[in-house]
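As a plain string of letters, each chain reads:
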Amino acid sequence: MDRKRLAGRSAAHPLNRWGAACCLALLLGCVGLRGETGPKSLRLLSRTPLAQGSSPAMDIRWASDGSVYVARARDGVLELAVNGTRLRQAVPDIKTFGRFERFERLAVSPRALVFASAGWYMAWRPRQAEPGGRVVFNRKGIGITEDIDLRGDRLLLLGIAEHGETFAPKGDVAWVGTLSSNLEDLKPVLYDDGGPGAPNFFKCRSHETGAVRFLSDGSFVIVPGFQKGVHLFAANGERARSWTSEQLGLDTDCSTLTAEEETQLLRNPEAWQRWLNSHHVVDDILPLPQGPGLLVRSLGRDGQAHWELKVLSRERVTTYSVPVAGRRPLDRLHGDVRNGRIVFLLSASGFSVSPDSADYTGEILLAAVPNP
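A. Structural context of the side chain of Asp75. Looking at the secondary structure, you find Asp75 in the loop between β4 (67–72) and β5 (76–81). Polar contacts involving the side chain of Asp75 include one to the side chain of Ser55, which spans 2.9 Å. Filtering out sequence-adjacent residues up to four positions away, Asp75 remains in contact with Gly53, Ser54, Ser55, Gln89, Val91 and Asp93.

B. Looking closely at the nonpolar core. In terms of nonpolar packing, the biggest core is built from 29 residues, with Ile160, Phe220 and Ile222 touching the most fellow members. Secondary structure elements with two or more residues in this core: β11 (154–160), β12 (172–178), β13 (187–191), α4 (199–203), β14 (211–214), β15 (220–223) and α7 (269–277). With residues near it in sequence (within four places) discarded, Ile222 still touches Leu158, Ala174, Val189, Leu190, Ala211, Val212, Val230, His231 and Phe233. With 19 residues, the next largest nonpolar core counts Leu286, Leu309, Val311 and Val322 among its residues.

C. The pairing of strand β16 (residues 230–233), seen in detail. Alternating positions in β16 separate into two faces, Val230 and Leu232 on one and His231 and Phe233 on the other, with burial throughout. Relative to β16, β15 runs antiparallel, the two being bridged by three bridges. If you follow Ile222 over to β16, its bridge partner there is His231. Connecting β15 to the next strand, β16, in antiparallel fashion are six residues, including Gly225 with a positive phi near 80 degrees. Counting the residues in the hairpin turn of β16 and strand β17 (residues 239–243) gives five residues, including Gly237, whose phi is positive at 90 degrees.

D. Broad picture of the packing of aromatic side chains. Scanning all chains against the criterion turns up 14 aromatic pairs. Pairing Phe97 with Phe137 gives two aromatic rings, centres 5.2 Å apart and planes at 70 degrees, and the pair type is edge-to-face. Of this pair, Phe97 sits in helix α3 (residues 94–97) while Phe137 sits in the loop between β9 (119–126) and β10 (138–151), and the two are 40 residues apart along the sequence. Residue Phe97 is classed as buried on the basis of its relative accessible area, which comes to 12%. Between Phe100 and Phe115, the ring centres sit 5.5 Å apart and the planes meet at 45 degrees, which makes this aromatic pair tilted. Placement of the pair is Phe100 in the loop between α3 and β7 (105–108) and Phe115 in strand β8 (residues 112–116), with a sequence separation of 15 residues. Across the pair, Phe115 and Phe100 agree in class, each one buried. Every member of this aromatic cluster is reached through a ring pair, and the members are Phe97, Phe100, Phe103, Phe115, Tyr121 and Phe137.

E. Here's a closer look at the sheet that holds β13. In spatial order, the strands read β7-β8-β9-β10-β11-β12-β13; together these seven strands make up an open sheet with antiparallel pairing. The sheet is open, and its two edges are formed by β7 and β13, each paired on a single side. Shown here is a sheet whose adjacent strand axes are inclined to one another by a mean of 35 degrees, direction ignored.

F. Structural detail: the sheet that holds strand β6 (residues 86–91). Reading across the sheet, the four strands line up as β3-β4-β5-β6 and stay open at both edges, with antiparallel pairing between neighbours. At either margin of the open sheet sits one strand with a lone partner, and together these are β3 (57–64) and β6. Within this sheet the neighbouring strands show an average axis-to-axis angle of 25 degrees, counted without direction. Both β5 and β6 contribute to a ladder of four bridges, which runs antiparallel. Residue pairing for β6: Val77 is matched across the bridge by Val91.

G. Up close: the pattern of salt bridges. Summed over all chains, the structure comprises 20 salt bridges. A salt bridge links Asp149 to Arg61; its shortest N-O distance comes to 3.5 Å. A residue pair is termed long-range when its members are at least 10 positions apart, and Asp149 in strand β10 and Arg61 in strand β3 qualify at 88 residues. Among the residues examined, Asp149 registers a relative accessible area of 4% and is labelled buried. By relative accessible area, Arg61 is classed as buried at 3%. A cluster of three or more residues bridged by salt bridges with shared partners is formed by Asp59, Arg61, Arg105, Asp147, Asp149, Glu208, Arg213, Asp284 and Asp336.

H. Looking closely at the side chain of Arg205. Along the chain, Arg205 turns up in the loop between α4 and β14. Within the structure, Arg205 has its side chain in polar contact with the backbone oxygen of Phe202 (distance 2.5 Å).

Rules used throughout
Residues numbered from 1 in each chain as written. Predicted model: local features only at pLDDT ≥ 70, side-chain atom pairs only at ≥ 80, totals over all residues. Heavy atoms only, no water. Helix = DSSP H or I, 4+ residues; strand = E, 2+ residues; numbered from the N terminus. Polar contact = N/O pair within 3.5 Å; in protein donor to acceptor, adjacent residues only side chain to side chain. Contact = heavy atoms within 4.5 Å. Core = buried A, V, L, I, M, F, W, Y, C linked by side-chain atoms within 4.5 Å. Buried < 20%, exposed > 50% of the residue type's maximum accessible area, 1.4 Å probe, protein only. Pairing = 2+ DSSP bridges. Phe/Tyr/Trp six-rings, centres within 6.5 Å; stacked < 30°, edge-to-face > 60°. Axes fitted to C-alpha atoms, helices over the stretch in contact; angles between N-to-C directions. Salt bridge = Lys/Arg side-chain N within 4 Å of Asp/Glu carboxyl O.

Read these as spatial facts, not as claims about activity.
Structure follows, in C-alpha cells:
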C-alpha cells in the first residue's frame with residue numbers, strides 16, 4: 001500500500017477503582033514502577049486445534065461464556081464453541097461479502113460486532129439479527145486499520161481514518177468515534193512524532209506492531225508500536241499516563257528505518273519475518289481486572305516465538321510467562337478476557353504478504369486470569 005494509491009481510493013475500574021477520570025492522571029502520574037516481578041506463569045486450562053480452513057485465523061473475541069468469534073482472513077467471522085465446534089457464520093466469506101481484502105481485525109461489544117481489513121474498509125453488524133433473521137451490515141471507508149476495539153457504541157481505532165485526498169494531515173494515527181454516527185465523529189487522540197503525513201507509522205504500515213484496547217471504565221490504552229511508548233487515556237480522551245518502551249522491554253521503533261528498509265519489509269516476506277523475530281513486539285492488549293496486560297512477543301533461543309504477559313497496575317509491572325510456543329515463524333498471539341478466563345488465538349497471522357503455502361491450523365487456548 002503506498003501514499004498515491006491510498007490518496008486515490010475513496011463497572012469496575014481495571015486499575016483498582018481509582019476514581020473519576022479527573023483524578024486518574026494525578027494518581028497515575030504520582031506513582032512509579034517498583035520494578036518487574038516474576039516471571040510467574042499463566043495457568044492453561046485447555047488447548048483446542050482449529051480446523052485447517054483456507055486462510056489463517058487473524059483475531060478472536062469472546063461471544064459468550066462458552067463461545068468465541070474468530071476472524072479468518074478469507075473465510076469470514078465464525079462463532080465457535082470453545083472446544084472448536086462451529087456454531088454459526090457471523091460474517092460471510094470474502095467472495096460473498098465483497099469489497100474486503102481480508103478480514104483481519106475484530107472487535108465486539110454487547111451491541112455490535114466490528115471487523116476490518118488492514119486497508120480501505122471497516123464494517124459492522126448488530127449482535128442480534130432482526131425478526132426473521134435479517135442482518136444489516138454497515139460499511140465505512142478507512143484508510144488503514146492497524147487495530148480496533150469497541151465499547152458499547154464507541155470505537156477505538158489505531159490507523160489512518162482518512163479515505164480520500166488527505167493522509168494524516170496532522171500526523172493523526174489513533175481515533176475515537178461512534179458507530180451510531182457512522183464514524184463521522186472520529187476524533188484523533190494520538191499523533192505520529194514525525195508530524196504531518198505520519199511518516200513513522202507509514203514506514204511500518206501493515207506490520208501489526210501496535211494495539212489498542214478499552215478498559216472496563218471507558219479509559220483506553222494505545223501501544224503505537226511504530227514509535228516508542230505506551231499510553232493510557234481517560235474516558236474523555238485526555239492522556240492520563242505514559243510508560244516508556246524501556247520500562248516494558250519493548251524495542252519497536254520505525255522512525256530510523258531507511259527508504260530501502262521500508263521497501264524490503266513491505267515487499268519481502270523473509271525480511272519482514274527477520275525484522276519481527278528480532279524485536280519485542282506487542283501482539284495484543286488484554287483488559288484484565290488489575291490493569292491492561294500487554295502480550296509481548298519475542299524469539300527465544302530455541303528459535304520459536306514466545307510470549308510474556310506484562311500487567312500494568314498502579315505501582316508496578318508484573319510479568320507472567322505464557323506457557324505456549326509458536327511453531328511457525330510468523331505465529332502471533334491475540335486474546336480477550338471474560339469472567340476470569342483469557343482466550344488466546346495462536347495462529348500464523350503475522351504476514352504482510354500472503355505466503356504461497358502456509359499452515360492455517362492454529363489453536364484456541366484458555367487460561368485463568370492471574371491473581372492480582
